[in-house]
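Chains, contacts and geometry: an overview
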Amino acid sequence: QVQLVESGGGLVQAGGSLRLSCAASGTIFSANAMGWYRQAPGKQRELVAGITSGGTTNYFDSVKGRFTIAREDAKNTVYLQMNSLKPADTAVYYCKAEIRTNFYGNVRPYWGQGTQVTVSS
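All values reported here derive from a predicted model rather than from experimental measurement.

1. Considerations on the overall build of the protein chain
The helix and strand tally for the protein chain stands at zero helices and 11 strands. Taking 121 residues into account, the globule formula puts the C-alpha radius of gyration at 14 Å, and the protein chain, at 14 Å, falls close to it. In terms of principal-axis extent, the alpha carbons of the protein chain reach across some 50 × 25 × 25 Å. Taking all 121 residues of the protein chain together, the buried fraction comes to 39%. Restricting to contacts in the protein chain with at least 6 residues of sequence separation, those with at least 24 account for 56%. In the form shown here, the protein chain has an accessible surface area of approximately 6500 Å², with 49% of it arising from carbon and sulfur atoms.

2. Description of the sheet that holds strand S3 (residues 18-26)
Strand order in the open sheet made by the four strands is S1-S3-S8-S7, with antiparallel pairing throughout. Edge positions in the open sheet fall to strand S1 (2-7) and strand S7 (67-72), since each of these has one partner strand only. Between one strand axis and the next, the sheet turns through 15° on average, direction left out of account.

3. Things to note about the environment of Ala33
Mapped onto the elements of the fold, Ala33 is located in strand S4 (residues 30-39). Judged by relative accessible area, Ala33 falls into the partly exposed class, the value being 34%. Sequence spacing of Ala33 and Ile51 is 18 residues, and the spatial spacing of their C-alpha atoms is 5.7 Å.

4. Regarding the pairing of strand S5 (residues 46-51)
Where S4 lies against S5, five bridges are found, and the strand directions are antiparallel. Of the residues in S5, the one forming a bridge with Gly35 is Gly50. If you look at the hairpin formed by S5 and strand S6 (residues 57-59), you'll find five residues sitting between the two strands, and Gly55 has a positive phi there, around 95°.

5. Topic: the pattern of salt bridges
Following the criterion strictly, the structure yields seven salt bridges and no others. The partner of Lys75 in a salt bridge is Glu72, with the nearest N and O atoms 3.9 Å apart. For Glu98, the salt bridge identified is with Lys96, shortest N-O distance 3.5 Å. Residue classification places Glu98 among the partly exposed residues on the basis of a relative accessible area of 22%. Because the salt bridges share partners, they merge into one network encompassing Arg38, Glu46, Arg66 and Asp89.

Rules used throughout
- Residues numbered from 1 in each chain as written.
- Predicted model: local features only at pLDDT ≥ 70, side-chain atom pairs only at ≥ 80, totals over all residues.
- Heavy atoms only, no water.
- Helix = DSSP H or I, 4+ residues; strand = E, 2+ residues; numbered from the N terminus.
- Rg over C-alpha atoms; globule rule 2.2 N^0.38 Å.
- Buried < 20%, exposed > 50% of the residue type's maximum accessible area, 1.4 Å probe, protein only.
- Contact = heavy atoms within 4.5 Å.
- Areas by Shrake-Rupley, 256 points an atom, 1.4 Å probe, with all protein chains shown as cover.
- Pairing = 2+ DSSP bridges.
- Axes fitted to C-alpha atoms, helices over the stretch in contact; angles between N-to-C directions.
- Salt bridge = Lys/Arg side-chain N within 4 Å of Asp/Glu carboxyl O.

The structure is reproduced here in structure tokens:
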């Protein structure tokens, strides 16, 4: 069993910052790509930022220059530093990790439960 637990969401004023964390626990042989997604009310879930096992990152256009994704493999944890937040960033943020649970197993996607980020104007 693998669990992803997010933390760090909350209410912040426009222009403020938040740091999200997502820790994976359980039977983990390796964590491949990891990422953060968000879903606002009435909208589809979208990729915000992703990071490969080699450290290559990619970002949704609207967050480039404001958000930074990082990972700490020793802790199976991925972070999202969010600066210069805007009301349009308000959403539930989910982390996702592609995890292999044993040497012979396939890589499977796992999702966290989500954390609310609300940016007031």
